[in-house]
Amino acid sequence: MEELKSIMDEVIAGNIVETKEGVLQALGKGISPMDVIDKGMVAGLDVVGEQFAAGEIFLPEMMLSAIAAREGIAIAMEGMQKGQYKPRATMVLGTVKGDLHDIGKNIVALFLRSRGFEVVDLGVDVHEEQFISAVREHKPDILGMSCLMTATMAGMKDVISALTEAGLRNTVKVIVGGCPASQEFASEIGADYYSRDAGSTAALLEEVLTEIKGQ
Ligand code: B1M
C-alpha cells in the first residue's frame, strides 16, 4: 500500500515531521493503526537495522529513524487505546539492565493493554532489584522481559535467579522476548514462555490466562 511504503521511507530517512504526517494521512484513510505500525514504521526500522549492521549508516542516523518511528507509533497508539482498556490480569514489563531499546516493548505493552491486560511498565535498563520490588508491590500474574542485544540477554537470567532467591519464582509466569531471544534461550534460563512478536504475545497470554485463571 502506497501510504505504508511512504511511512516506511520517511522512517528510513529519519524524517520525523513527514513520518507523523504520513501516519495521520494513513489513519485518516482508514488504514488500521496496527498496519501503520507494523507495515510502516517497524518495516522501516528493520531496514535501518540492516543498514546499521552493514555500516551503511551510523548511530545518529539510526537515532533519527528511531525518533521518527517512536513519534509515529505514539500517534497510531492513541487510535488503538481509546475505549479498549479493561484490566483482566497484570503484567510487570521492562527492558533488562544495560538495554535502552524500548520501541518493541512499548508495542507489546500496547497490544496487551488493548486486550485488557494491566501492564506495569518499568521502562528500560531495569535491574533485577527493580523487577523484584515491582513483583512484590503489584503481585502480577506475569513478568515480561524484553532485550534487544546479545550483550544484555544474561540480564534475563539474573532476574529469574533473583526471583527464585526471593521466593517469588512460583508466583509469576515469566515471558521473555526481543530479537536475540528464542524458545531455546527461554528454556535454558528457566523462563516459562518465549514470544516472537507483539501479536503472538497477546495470543499466548490469552492461553496463559486461561491456564492460570480459568478465564
Ligand atoms: Co540499537 N541495536 N543500539 N538502537 N537498534 C539493534 C538492536 C541492533 C540489532 C542493530 C544492528 O546492529 N543490526 C544492535 C544489537 C546487536 C546485537 O546485540 N546483536 C543494536 C546496537 C548494537 C545498539 C547500540 C550498542 C549502538 C551503539 O551505541 N553503538 C546502542 C545500544 C544502546 C543500549 O541499549 N545500551 C543502540 C541504540 C539504539 C537507538 C537508541 C539508536 C535506538 C533505540 C531507540 C529506542 O528503542 N527507544 C536503536 C534502534 C532503533 C535499533 C534497531 C534499528 C531497531 C529496534 C527496534 O525498535 N525494532 C535495531 C535493529 C533491528 O532490530 N532491526 C537495533 C522495532 C521493534 C518493533 O522490534 O524491538 O524486536 P523489536 O520488538 C518486537 C519483538 O522483538 C518482540 O515484539 C516486538 C514487537 O513485535 N518483543 C517482545 C520485544 N520485546 C518483547 C517482550 C516480550 C515479547 C515479545 O515479552 C515480554
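A quick note: this is a predicted structure, and the numbers were derived from the prediction, not measured.

Applying the stated rule across the entire model yields 10 salt bridges. It is possible to trace a salt-bridge network through shared partners that takes in K20, R70 and E71.

In this structure, the largest pocket spans a volume of roughly 1500 Å³. Looking at the lining of the largest pocket, the elements that each hand over two or more residues are α3 (33-53), α4 (59-81), β1 (89-95), α5 (103-114), β3 (142-146), β4 (173-177), β5 (193-195) and α9 (198-213). Its residues placed into classes, the lining of the largest pocket shows 25 nonpolar, 11 polar and eight charged.

A word on the site of the ligand. Around the ligand there are 35 residues in total, and L100, H101, D102, S146 and T150 lie nearest to it. The separation between an oxygen atom of the ligand and a polar main-chain atom of L100 is 2.7 Å. Here D102 contributes a side-chain N or O atom positioned 2.7 Å from a nitrogen atom of the ligand. Cavity membership is defined here by more than half of the atoms lying within 2 Å of grid points; on that basis the ligand lies in the largest pocket. Of all the secondary-structure elements, those providing two or more residues to the shell around the ligand are α3, α4, α5, β3, β4 and α9. Classifying every residue of the shell around the ligand by side-chain character gives 19 nonpolar, 11 polar and five charged.

Cut-offs used in this document
- Residues numbered from 1 in each chain as written.
- Predicted model: local features only at pLDDT ≥ 70, side-chain atom pairs only at ≥ 80, totals over all residues.
- Heavy atoms only, no water.
- Salt bridge = Lys/Arg side-chain N within 4 Å of Asp/Glu carboxyl O.
- 1 Å grid on protein atoms, 1.4 Å probe; cavity = no way out; pocket = protein on both sides within 12 Å on 5 of 7 lines; lining within 4 Å.
- Points joined across faces, edges and corners; volume = space filled by probe spheres on them.
- Helix = DSSP H or I, 4+ residues; strand = E, 2+ residues; numbered from the N terminus.
- Nonpolar A, V, L, I, M, F, W, Y, C, P; charged D, E, K, R; others polar.
- Near = heavy atom within 4 Å.
- Polar contact = N/O pair within 3.5 Å; in protein donor to acceptor, adjacent residues only side chain to side chain.
- Sits in = over half its atoms within 2 Å of the grid points.

These figures capture arrangement, not role.
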